[in-house]
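Remarks on the overall topology
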Amino acid sequence: RSRPPCNRLASERFLSMPSTRHFRRLVLLTIALFIVGCNDDADTTSESPATNLQASASDTPDTKNVLGIELAEAQRLAESKEFEAAAASLYALMIRFPESDEAKLLTAKVESARGNLETSIEIAESVALKTRYGTDAVELRYRLLEKIGRHQDAAETLLAALEVKPEVTRWRREAWRLLN
């Protein structure tokens, strides 16, 4: 048996290992991004416009009124089947009011009407179950999962929701139907 030359082994090892120079650059970049991201003393003028918009929206006393008016407009657009305009309005609302479960639920319904069922399922999942919109979000999510043939996921959605809201007995029957 003959051994390959030493140069060949060294080149094979070199090709199979990440470049040390690139690795060092990646580590330095990660550290720099971490330091920049953790800088609490940063001037607010360097923030993105969406962050400034969100901060200004949550600071005003009329936040509920603004949210209500814009949600009503988005609802009107959705009811008149102007789904593209409604979706654009709702996504802007979700950026400004990320905690609004009503905006999330309406966005999920609009995405469902647009035919984006997977997106609708994901958005509906983000609605907190303990809010007044939680029940509707679970209903929408499990029906969409059932519609696309993911019966196991639909049943699991209902069973998880039953742990929080055991008084909704129809979910138990629906989960049983989906599993059988």
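Parameters and conventions
- Residues numbered from 1 in each chain as written.
- Predicted model: local features only at pLDDT ≥ 70, side-chain atom pairs only at ≥ 80, totals over all residues.
- Heavy atoms only, no water.
- Helix = DSSP H or I, 4+ residues; strand = E, 2+ residues; numbered from the N terminus.
- Buried < 20%, exposed > 50% of the residue type's maximum accessible area, 1.4 Å probe, protein only.
- Salt bridge = Lys/Arg side-chain N within 4 Å of Asp/Glu carboxyl O.
- Axes fitted to C-alpha atoms, helices over the stretch in contact; angles between N-to-C directions.
- Parallel < 35°, antiparallel > 145°, perpendicular 65-115°, else oblique.
- Left-handed = near helix turned anticlockwise from the far one by under 90°.
- Contact = heavy atoms within 4.5 Å.
- Nonpolar A, V, L, I, M, F, W, Y, C, P; charged D, E, K, R; others polar.
- pLDDT = per-residue confidence, 0-100.
- Core = buried A, V, L, I, M, F, W, Y, C linked by side-chain atoms within 4.5 Å.

Quick notes on unusual backbone geometry
Even without being a glycine, K81 presents a positive backbone phi close to 65°. Tracing the sequence through the fold places K81 in the loop between α4 (63-79) and α5 (83-96). A residue is classified by how much of its surface remains accessible, and K81, at 63% relative accessible area, is exposed.

Considerations on the pattern of salt bridges
Summed over all chains, the structure comprises 12 salt bridges. With a closest N to O distance of 3.6 Å, R141 and E125 form a salt bridge. With R141 in helix α8 (residues 134-147) and E125 in helix α7 (residues 117-125), this residue pair connects regions lying 16 residues apart in the sequence. Here E146 and R177 are joined by a salt bridge, their closest N and O atoms 2.8 Å apart. Here the residue E146 occupies a position in helix α8, and R177 occupies one in helix α10 (residues 169-179), the gap between them amounting to 31 residues.

What about the packing of α7 against α8?
Helix packing geometry: the angle between the two helix axes and the distance between the axes. Between α7 and α8, the shortest axis-to-axis distance is 9 Å and the interhelical angle comes to 150°. With respect to each other, α7 and α8 are oriented roughly antiparallel. Once α7 is placed against α8, the crossing between them reads as left-handed. Between α7, through L117, S120, I121, A124 and E125, and α8, the contact on the second element is made entirely by A137, L140, R141, L144, L145 and K147. Residue composition of the contact of α7 with α8, by class: seven nonpolar, one polar and three charged.

Describing α7
All buried positions along α7 are accounted for by L117, S120, I121, I123 and A124. Summarising the contacts, the buried residues of α7 are in contact with α5, α6 (101-114) and α8.

Digging into the confidence of the model for the protein
Per-residue confidence for the protein gives a mean pLDDT of 79, with 66% of residues at or over 70. Here residues 39-59 is a poorly scored stretch, pLDDT under 50, and it has 11 contacts once near neighbours within four places are set aside; other chains count.

A short note on the nonpolar core
Grouped together as the largest cluster of nonpolar side chains are 24 residues, with contacts concentrated most on L105, V138, L140, L158, W171 and L178. Counting only elements with at least two residues in this core, the list comes to α6, α7, α8, α9 (151-164) and α10. Ranked by residue count, the leading element in this core is α8, at six residues. Among the nonpolar cores identified, the runner-up in size contains 13 residues, and L67, A86, L90 and L93 belong to it.

Brief notes about the packing of α8 against α10
The geometry of α8 relative to α10 is characterised by a closest axis approach of 13 Å and an angle of 15° between their N-to-C directions. By the angle class used here, α8 and α10 are roughly parallel. The two elements α8 and α10 meet at a crossing, and its hand is left-handed. For the pair formed by α8 and α10, the contact residues are T135, V138, E139, Y142 and E146 on the first element and R170, W171, E174, R177 and L178 on the second. Residue composition of the contact of α8 with α10, by class: four nonpolar, one polar and five charged.

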